[in-house]
Amino acid sequence: QVQLMESGGGLVQAGGSLRLSCAASGGAFYITAMGWYRQALGKQRELVASTKYEDSLKGRFTISRDNANNTAYLQISSLRPEDTAVYYCTAEARVPPFMTIEHYWGQGTQVTVSS
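Residues numbered from 1 in each chain as written. Predicted model: local features only at pLDDT ≥ 70, side-chain atom pairs only at ≥ 80, totals over all residues. Heavy atoms only, no water.

Draft legend 1. Quick peek at the packing of aromatic side chains. Going through the model one piece at a time under the given rule, you end up with two aromatic pairs. Ring centres of Tyr37 and Trp105 lie 5.0 Å apart, and the angle between their planes is 55°; on these two criteria the pair is classed as tilted. Residue Tyr37 is located in strand 4 (residues 30-39), and its partner Trp105 is located in strand 9 (residues 100-105); the two are separated by 68 residues in the primary sequence. A relative accessible area of 23% places Tyr37 in the partly exposed class. On the basis of an interplanar angle of 75° and a centroid distance of 6.4 Å, the ring pair of Tyr88 and Trp105 is categorised as edge-to-face. Here the residue Tyr88 occupies a position in strand 8 (residues 85-95), and Trp105 occupies one in strand 9, the gap between them amounting to 17 residues. Three or more aromatic residues joined by ring pairs form one cluster here, namely Tyr37, Tyr88 and Trp105. The ring centre of Tyr88 lies 3.9 Å from the NZ or CZ of Arg45, which sits over that ring. Stacked on the ring of Trp105, the Lys or Arg Arg45 has its end atom at 4.7 Å from the ring centre. (Phe/Tyr/Trp six-rings, centres within 6.5 Å; stacked < 30°, edge-to-face > 60°. Helix = DSSP H or I, 4+ residues; strand = E, 2+ residues; numbered from the N terminus. Buried < 20%, exposed > 50% of the residue type's maximum accessible area, 1.4 Å probe, protein only. Lys NZ or Arg CZ within 6 Å of the ring centre and 35° of its normal.)

See the structure below:
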């Protein structure tokens, strides 16, 4: 079972930057893709960035991966109050013994941007 642990959220002033981290753990698995979604209060969850899909928010959001450590990062620059949301990490992994593709979600980390 893959566990995803996000960190790096918090309260930030508008115009600032933030880097979120997501570490995957939990035995033998092979990550094929990682991504970030966010969900603001009262809104639908939306894709922020993914190593697999190009259809994501661009510009101020940059996703990167440390494959050796099964960690993904989301760098957010020029933060705006409308970026306030819970940010969720996702991972797609092949899991032994049958190497089927499974999808996992983290618990989420709150990002609050003050004006």
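Draft legend 2. Spatial organisation of unusual backbone geometry. The omega angle of the peptide bond from Pro96 to Pro97 is 5°, so this bond is cis rather than trans. Its location among the elements puts Pro97 in the loop between strand 8 and strand 9. Residue Ser78 is not a glycine yet carries a positive backbone phi of 45°. The partly exposed category is assigned to Ser78, whose relative accessible area is 41%.

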